[in-house]
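Each chain, written out:
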Amino acid sequence: QACFASLVSQDYVNGTDQEEIRTGVDQCIQKFLDVARQTECFFLQKRLQLSVQKPEQVIKEDVSELRNELQRKEALIQKHLSKLRHWQQVLEDISVQHKKPAEMSQGPLAYLEQASANIPAPMKQT
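Note that the structure is a prediction, hence the values are computed from the model and not measured.

Asks: Could you give an account of the overall build of the protein chain, with specific residues and numbers?
Replies: Scanning the protein chain from terminus to terminus reveals 6 helices and 0 strands. Counting helices and strands in the order they occur from the N terminus, the protein chain gives α-α-α-α-α-α. Burial statistics for the protein chain: of 126 residues in total, 11% are counted as buried. Restricting the contact set of the protein chain to residue pairs at least 6 apart, pairs at least 24 apart contribute 23%. Within the structure as shown, the protein chain displays about 11100 Å² of accessible surface, and the carbon and sulfur contribution to it stands at 60%.

Asks: I'd like a rundown of the confidence of the model for the protein chain, residues and numbers included.
Replies: The predicted model of the protein chain averages 81 in pLDDT, with 72% of residues at 70 or higher. Predicted confidence in the protein chain is weakest over helix α5 (residues 101-104), with a mean pLDDT of 51, and strongest over helix α4 (residues 55-98), with 93.

Asks: Any chance you could break down the packing of helix α3 (residues 18-53) against α4 for me, citing the residues and the numbers?
Replies: The N-to-C vectors of α3 and α4 enclose an angle of 110 degrees; their axes lie 5 Å apart at closest approach. With respect to their mutual orientation, α3 and α4 come out roughly perpendicular. Residues Arg47, Leu50, Ser51, Val52 and Gln53 of α3 form the contact with α4, whose participating residues are Pro55, Gln57, Val58, Glu61 and Asp62. The residue makeup of the contact of α3 with α4, split by class, is 4 nonpolar, 3 polar and 3 charged.

Asks: Please set out the pattern of salt bridges residue by residue, giving values where relevant.
Replies: With the rule as written, the count across this model stands at 4 salt bridges. Salt-bridge contacts for Arg37 lead to Asp34; the nearest nitrogen and oxygen are separated by 3.0 Å. Taken together, the residues Arg37 and Asp34, both in helix α3 and 3 residues apart, mark about one turn of the helix. Among the residues examined, Asp34 registers a relative accessible area of 33% and is labelled partly exposed.

What counts, and at which threshold
- Residues numbered from 1 in each chain as written.
- Predicted model: local features only at pLDDT ≥ 70, side-chain atom pairs only at ≥ 80, totals over all residues.
- Heavy atoms only, no water.
- Helix = DSSP H or I, 4+ residues; strand = E, 2+ residues; numbered from the N terminus.
- Buried < 20%, exposed > 50% of the residue type's maximum accessible area, 1.4 Å probe, protein only.
- Contact = heavy atoms within 4.5 Å.
- Areas by Shrake-Rupley, 256 points an atom, 1.4 Å probe, with all protein chains shown as cover.
- pLDDT = per-residue confidence, 0-100.
- Axes fitted to C-alpha atoms, helices over the stretch in contact; angles between N-to-C directions.
- Parallel < 35°, antiparallel > 145°, perpendicular 65-115°, else oblique.
- Nonpolar A, V, L, I, M, F, W, Y, C, P; charged D, E, K, R; others polar.
- Salt bridge = Lys/Arg side-chain N within 4 Å of Asp/Glu carboxyl O.

Written as C-alpha cells, this is what we have:
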C-alpha cells in the first residue's frame, strides 16, 4: 500500500521531481522486501520447530507432496501414451494404404488425393 500511496499521493502530483518519486518508491519497495524476508524467516522458524517437535508431520507432508507429484506425472504419461497410440494408428493406416496395389492402378494422382484425404487434421495444442 505504501508503494502505491507514494505514486498517487498529492504531495508527489503537485510538482515533485521524478527522482524524488523514484527514491520514495524504491524505499517503499525495500521496506516491503524486508517485511517479506521477516515473514519468510518467521515461517521457516516455525517449520524448524515443527520438525523438531513433530517429525512425523514433516514426513507426512513430504509423502503427500510425493504422491501429488506421482499423480501428476502419471497423468502426463497417460496423455503421452494416448497421443502415441493415435499417431501409431495414423502410421498403421498409412502403411495399409500403401500396401493396396489396386488403388495404384487408378493412377498416381488419384492415389495421392485419396491418401492425403485420410490424414487426420492436426490436433489442437492444450
